[in-house]
Amino acid sequence: MTAPATVPALDTLRAEAISALDAASDLDALLTWERAYLGPKGALTAFLRSLGNLPADQRPEAGRSANALKIELQATFSGRHADVERSAIADRLAAEALDVTLPGRPHPIGTVHPISAMIDELSDIFALMGFRTVYGPEVETGHYNFDLLNIPADHPARDVWDTMIVDTGAGGPEIVLRTHTSPMQARTMETSTPPVRVVVPGRCYRYEAQDSSHEWMVHQLEGLAVDERITMADLKGVLAELARQLFGPTRRIRFRCDFFPFVEPGVDFAVDCAICDGTGCRVCKHTGWLEMGGAGMVHPDVLRGVGYDPERYTGFAFGLGIARMVMMKYGVDDVRAFAAGDLRFLRQFASLTA
Ligand SMILES: [Zn+2]
């Protein structure tokens, strides 16, 4: 049997291998190349295995040449592998580079709702007059919502047409959605001793047809002050200060007799219209006055109901419609706008809280 010319065959293998290695441009191609030439089933391994077929005198030189080629190919492969890996990393870094000089993407920031902004403003004003802001439950018992406020079971305000009833109370307490923030009067007094000075902002619910000035859910702010020697003059002073803080230093307020079961005497109170200075305009419906809410001196029965001695303590209470304050201050003419979720409306108030 005639052996193949071994050295020329190895030269061909070398030329092929080097050219294939040059052509391998990524890590996958390099590994394929390694398997094809240096792997257990690769061309060089096959060549080494075939050495046994050579005549004995040619084997040592062919073996040396083949081993030298193996070392050369391994070294070239390692160098090439390192180059490709470096450039792959460089490519990836370039592709994933962050341009820290680019401007950031703006995240839309919400604005504080005008009702919330008004609650904050009112809380601040009352805090300066010594009132603490407290919050109460929106789901309330009839006991706190009505009984302790001198509203007996046969009072028209307890009628289903006004009150959202959660549980009529057969076999347990009557549960309602509070119709006003006034239940916190009793809750606060039950757990404090005079002097008491609190304001209570929060949602209230009435079973009511909606129109531009009525909503079935309204925000109220309740105020209560109880101490020895509190008089109607204190109530007037506090509400006058509120009107001036909200609507300007020259504002005047007006009290007119009104009836609420939990105060005696009771008043409604109004502020002279800041928009027309009391001469009459669309916002004040040409009366020159803007109604702010109801108030009065805490009824002795309410004080007695929470264990206060009405001979020793007196107090005043008031309730403000918060949406109404915003409407009066900013000339909003439809109360439904506050809960309608129209961002164009709400964003007009962004500057109030910026
Ligand atoms: Zn006016």
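Conventions used here
- Residues numbered from 1 in each chain as written.
- Predicted model: local features only at pLDDT ≥ 70, side-chain atom pairs only at ≥ 80, totals over all residues.
- Heavy atoms only, no water.
- Helix = DSSP H or I, 4+ residues; strand = E, 2+ residues; numbered from the N terminus.
- Polar contact = N/O pair within 3.5 Å; in protein donor to acceptor, adjacent residues only side chain to side chain.
- Contact = heavy atoms within 4.5 Å.
- Axes fitted to C-alpha atoms, helices over the stretch in contact; angles between N-to-C directions.
- Parallel < 35°, antiparallel > 145°, perpendicular 65-115°, else oblique.
- Left-handed = near helix turned anticlockwise from the far one by under 90°.
- Nonpolar A, V, L, I, M, F, W, Y, C, P; charged D, E, K, R; others polar.
- Pairing = 2+ DSSP bridges.
- Patch = residues over 30% accessible without salt bridge, like charges linked within 9 Å, V, L, I, M, F, W, Y side chains within 5 Å.
- Areas by Shrake-Rupley, 256 points an atom, 1.4 Å probe, with all protein chains shown as cover.
- Salt bridge = Lys/Arg side-chain N within 4 Å of Asp/Glu carboxyl O.
- Lys, Arg positive; Asp, Glu negative; His and termini not counted.
- Charge placed at Lys NZ, Arg CZ, Asp CG, Glu CD.
- Buried < 20%, exposed > 50% of the residue type's maximum accessible area, 1.4 Å probe, protein only.
- Donors = N, O, S within 2.8 Å, 3.2 Å for Na, K, Ca; no water.
- Tetrahedral: all angles 85-135°; square planar, octahedral: opposite > 155°, others 65-115°.
- Domains from an automatic or database assignment.
- Expected span 1.5 Å × (residues − 1).

Engineer: Looking at this structure, how should I read the side chain of H180?
Structural biologist: By the secondary structure assignment, H180 is in the loop between β4 (175-177) and α7 (183-190). Within polar-contact distance, the side chain of H180 engages the backbone oxygen of N145 at 2.9 Å. Not counting the four nearest positions on each side in its chain, H180 is found in contact with N145, L149, I151, C204, R206, Q220 and F262.

Engineer: Would you mind showing me how to read the packing of helix α2 (residues 27-37) against helix α4 (residues 59-95) here?
Structural biologist: Packing of α2 against α4 brings their axes to within 10 Å, and their N-to-C directions diverge by 165°. With respect to α4, the axis of α2 lies roughly antiparallel. Here α2 and α4 pass one another in a crossing that is left-handed. Listed contacts from α4 to L27, L30, W33 and E34 of α2 are L73, F77, R80, H81, V84 and E85. Taken together, the residues of the contact of α2 with α4 break down into 6 nonpolar, 1 polar and 3 charged.

Engineer: What am I meant to see in the pairing of strand β7 (residues 253-258) here?
Structural biologist: Both faces of the sheet carry side chains from a regular strand, because those side chains alternate between them. As defined by bridge partners, β7 adjoins strand β8 (residues 263-272) across 6 bridges and the pair is classed as antiparallel. In the sheet register, I253 faces β8, and the bridge partner there is V271. Once β7 ends, the chain turns through 4 residues before running back antiparallel as β8.

Engineer: For this particular structure, what's the right way to read a negative patch on the surface?
Structural biologist: The grouping of D159, D162, E208 and D211 at the surface amounts to a negative patch. When you line up the elements, D211 lands in the loop between β5 (196-205) and β6 (217-227). By relative accessible area, which is 32% here, D211 ends up partly exposed.

Engineer: Where do I start with the coordination of the zinc ion in this structure?
Structural biologist: A metal bound by six donors in octahedral fashion has ideal angles of 90 or 180 degrees, whereas one bound by four tetrahedral donors has an ideal angle of 109.5 degrees. Coordination of the zinc ion by the protein comes from C273 (SG), C276 (SG), C281 (SG) and C284 (SG), over a distance range of 2.2 to 2.3 Å. Here the zinc ion is ringed by 4 donor atoms whose angles at the metal span 103 to 117°, and the overall shape comes out tetrahedral. Read N to C, the donor residues that coordinate the zinc ion are spaced as C-x2-C-x4-C-x2-C. Summarising the burial analysis for this pair, C273 and C276 share the class buried.

Engineer: Looking at this structure, I do not really get the pattern of salt bridges. What am I missing?
Structural biologist: Pairs may arise between side chains of opposite charge once their charged atoms sit close together. Tallied over the full model, the rule gives 17 salt bridges. Among the salt bridges present, the one from R187 reaches E140, with a minimum N-O distance of 2.7 Å. In this pair, R187 sits in helix α7 while E140 sits in strand β2 (residues 139-141), placing the two residues 47 residues apart along the sequence. Between D342 and R344 there is a salt bridge, with its nearest N and O atoms 2.7 Å apart. Relative accessible area serves as the criterion here: at 66%, R344 is assigned to the exposed category.

Engineer: For this particular structure, what's the right way to read the pairing of β6?
Structural biologist: With respect to burial, β6 is a largely interior element, 8 of its 11 residues being buried. Looking at chain direction, β5 and β6 are connected through 10 bridges and run antiparallel. Looking across to β6, one finds that V200 is bridged to E222. Pairing between β6 and strand β10 (residues 314-321): 8 bridges, direction antiparallel. Of the residues in β10, the one forming a bridge with L221 is L320.

Engineer: Mind showing me how you'd approach the domain arrangement of the protein chain here?
Structural biologist: Often, the extent of an interface is quoted as the loss of accessible area upon association of its parts. When the domains of the protein chain are assigned, the result is domain 1 (6-95) and domain 2 (114-352). Between the C-alpha centres of domain 1 and domain 2 the distance comes to 91 Å.

Engineer: What am I meant to see in helix α8 (residues 232-247) here?
Structural biologist: Note on helix geometry: an α-helix contains 3.6 residues per turn, so any two residues three or four positions apart are oriented the same way. Between its terminal C-alpha atoms α8 stretches 22 Å, which fits the 22 Å expected from 16 residues at 1.5 Å a residue. Every buried residue belonging to α8 is among L235, V238, L239, A240, L242, A243, L246 and F247, and all of these are buried. Elements that come into contact with the buried residues of α8 comprise α5 (114-128), β7, β8, β9 (289-298), β10 and α10 (322-330). Of the residues flanking the start of α8, the one acting as N-cap is T231, its side-chain oxygen 3.1 Å from the backbone nitrogen of A233. Phi turns positive one or two residues past the end of α8, at G248, with a value near 125°.

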